[in-house]
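# Structural characterization, general
The primary structure of each chain is shown beneath.
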Amino acid sequence: MDKSRVKLKVDNISQSYVVGDEVLDAILNVSFDVYDNEFLVILGPGNCGKTVLLNVIGGLEKPTGGKLYLDGEEIVGSDKRISMVFQELALMPWKTVMENVEFGLQIEGVDKKTRREIAQKYIDLVQLTGFEKSYPSQLSGGMKQRVGIARAYTSNPEILLMDEPFGQLDAQTRYSMQEEIQKIWQQEKRTILFVTNNIEEAIYLGDRIILMSKSPGKIKEIYDIDLPRPRNSMDPEFLAIRKEVSENTDLAL
Amino acid sequence: MIKDKMKNMNEEEKRRYRLERLYKILPVISIFLLILLWSTVAAKSDFPSPKETCDRLMLLFENPIKGKNIFGHTAESLIRISIALLFNWTFGIAFGILIGWNKKAKALFTPLFNGFRAVPPLAWIPLITIWFGTGEFSKIMIVIFGSLASVVVNTQAGMLNVDQLYIDVGTSFNANERQKLFQIAIPSALDAIFAGIRTSTSAAWMVVLAAEMLGSESGVGFLIVRGMDAMDMPLVLAAMIVIGLVGALLAIITQYLERLMCPWTRVESN
């Protein structure tokens, strides 16, 4: 992480929805900087607008207020340099693993031979070699998530947004995927914004943790995690941070 | 042989093996029972027996009606539904995609289409006959009217049910509207579209018979009417059996086609 270089600047972002006849604020005046090649975790209880924030950054939603700057320039809507890892279900069941992974490049109009080569590289990186022709329904939850990660990497983004990617996995698979994503990130450095509601996962993965308060979502605290990687969740320092964060976290309803 | 095969199996495997054999035999038994029942009834009344029906079918080869044997008449009917279905699949799917994807088109066409859909295909026959006569064109027209709705309705439903999540994936990769339609929405609606293709095929096969029964010189529907006019019950029965067999065959073919075109659905059912 290079603290001198701000990759993404989130400036005073607010998002609200009209529900019935009242206006509900999902997130309110959220501002923070994301540094280059940083693994930034956004942590918060359910319903605190973490996903909304990510959708705004990914260009899926238009915020009611605030601005986003990528490399100092304002961005509006979905930007090519930002890629998203969705929840498990976002793999297209009618496409094979290979076709899912190369989807972004296909949209860009990259020719078949080139995009197959690039996609293969990332399929290998997430250790799915040999499953290129499988359909998502033939894969386990962890494998599907790997496809999602490979798909996001393949379009060669500068920033990766991950929305509770491991939320639907069982505990064992979740641990191994956390290790995996960390390895992948160390091999292929990108700026990652990772949303989770799991404190341990946040401390295990994050260079920094942005803790959000419950609705309307606001930034409550930002933690720098300076522990060496790979981290050990039994380490006294790890546990101390965990306790601190845990006591500061709002309970979800 | 069977004893040899079963020797090396444990109890559970044996049980499963026997069950599987039973599942294969049961359909044969039901057909056999039907023929038995039919023969018994035929022996005690003047209802034609299976053998008479079969003989009547064979006689058709020596003594064709209007110059065609049973294959000729079946082919005539199949050609009619093929032309109608080709039209329906082209325009019906296109129209279904339009009113499933485009909100304005949906609002514009839905009332008209619902009205059209509510009129049963048989109700069109008098109008079409008065207007276009009883020629080939009218019959194909009747089949088109009778099987268009299921294509459109299924396609539209498929397009309306495209998961927003897949569209979001498209947005996040900067797909334009055209790419979202052709790369995401249509493929994801493909199984619904195929459901439309399947139902329209069986509907077309039913409607073509009705069309042929009302003034025609060929086709299996014509054979039935000819049998009725001539009080030739074996011919009526023979035609009915052929109709049933062809209908079942069409269902199998469209199902096979679906598996061929949507390989991922095959994977899921395994």
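Residues numbered from 1 in each chain as written. Chains lettered and ligands numbered in written order. Predicted model: local features only at pLDDT ≥ 70, side-chain atom pairs only at ≥ 80, totals over all residues. Heavy atoms only, no water.

### Here's the deal with the interface of chain A and chain B
Interfaces are often described in size by the accessible area the parts lose on coming together. Taken residue by residue, the interface counts 26 residues in chain A and 19 residues in chain B. Summing both sides of the interface, chain A and chain B together bury roughly 2,100 Å²; the carbon and sulfur share of this comes to 69%. Among the residues chain A hides against chain B, the three largest losses belong to A:Trp94, A:Ile107 and A:Tyr135. Together they make up 32% of the total. Inspection of the chain A/chain B interface yields 0 salt bridges. (Contact = heavy atoms within 4.5 Å. Buried area = accessible area lost by both parts, 1.4 Å probe. Salt bridge = Lys/Arg side-chain N within 4 Å of Asp/Glu carboxyl O.)

### Quick look at the packing of aromatic side chains
The final tally for this structure, using the stated rule, is 16 aromatic pairs over all chains. Aromatic pair A:Phe166 and A:Phe194: ring centres 5.8 Å apart, planes at 55°, arrangement tilted. Placement of A:Phe166 in the loop between strand S7 (159-163) and helix H6 (171-187) and of A:Phe194 in strand S8 (residues 191-196) is noted, with a sequence separation of 28 residues between them. For the pair shown, A:Phe166 and A:Phe194 are each scored as buried. For the ring pair B:Phe95 and B:Phe109, a centre distance of 5.4 Å and an interplane angle of 70° mean the geometry is edge-to-face. A residue pair is termed long-range when its members are at least 10 positions apart, and B:Phe95 in helix H4 (residues 70-101) and B:Phe109 in helix H5 (residues 103-118) qualify at 14 residues. Using a relative accessible area of 28% as the deciding quantity, one classes B:Phe109 as partly exposed. Grouping aromatic residues by their ring pairs yields a cluster made of B:Phe95, B:Phe109, B:Phe113, B:Phe116, B:Trp124 and B:Phe145. One cation-aromatic arrangement involves A:Lys189 over A:Trp185; the distance from NZ or CZ to the ring centre is 4.4 Å. (Phe/Tyr/Trp six-rings, centres within 6.5 Å; stacked < 30°, edge-to-face > 60°. Helix = DSSP H or I, 4+ residues; strand = E, 2+ residues; numbered from the N terminus. Buried < 20%, exposed > 50% of the residue type's maximum accessible area, 1.4 Å probe, protein only. Lys NZ or Arg CZ within 6 Å of the ring centre and 35° of its normal.)

### Some details on the domain arrangement of chain B
Residue and element names in this part refer to chain B. Per the domain assignment, the segments of chain B are domain 1 (1-47) and domain 2 (49-269). Summarising the inter-unit geometry, the C-alpha centres of domain 1 and domain 2 are found 34 Å apart. Each side of the interface is counted separately: domain 1 has 6 residues, and domain 2 has 6 residues. Both sides of the domain 1 and domain 2 interface together cover about 470 Å² of buried area, and 84% of this is carbon and sulfur. For the pair domain 1 and domain 2, the number of links is 0 salt bridges. In terms of residue class, the side of domain 1 that touches domain 2 is built from 4 nonpolar, 1 polar and 1 charged. (Domains from an automatic or database assignment. Nonpolar A, V, L, I, M, F, W, Y, C, P; charged D, E, K, R; others polar.)

### Some words on the layout of surface pockets
When its volume is computed, the largest pocket comes out at roughly 370 Å³. Taken together, 17 residues make up the lining of the largest pocket; nearest its centre are A:Ala26, A:Asn47, A:Cys48, A:Gly49 and A:Ser215. When contributions to the lining of the largest pocket are tallied by element, the ones reaching two or more residues are strand S1 (2-19), strand S2 (22-36) and helix H1 (50-57) of chain A. In the lining of the largest pocket, the residues fall into 8 nonpolar, 5 polar and 4 charged. Looking at the second largest pocket, its volume works out to about 270 Å³. Lining of the second largest pocket is provided by 14 residues; of these, B:Leu57, B:Ala238, B:Ile241, B:Val242 and B:Leu245 occupy positions nearest its centre. Tallied by class, the residues present in the lining of the second largest pocket amount to 12 nonpolar, 2 polar and no charged. (1 Å grid on protein atoms, 1.4 Å probe; cavity = no way out; pocket = protein on both sides within 12 Å on 5 of 7 lines; lining within 4 Å. Points joined across faces, edges and corners; volume = space filled by probe spheres on them.)

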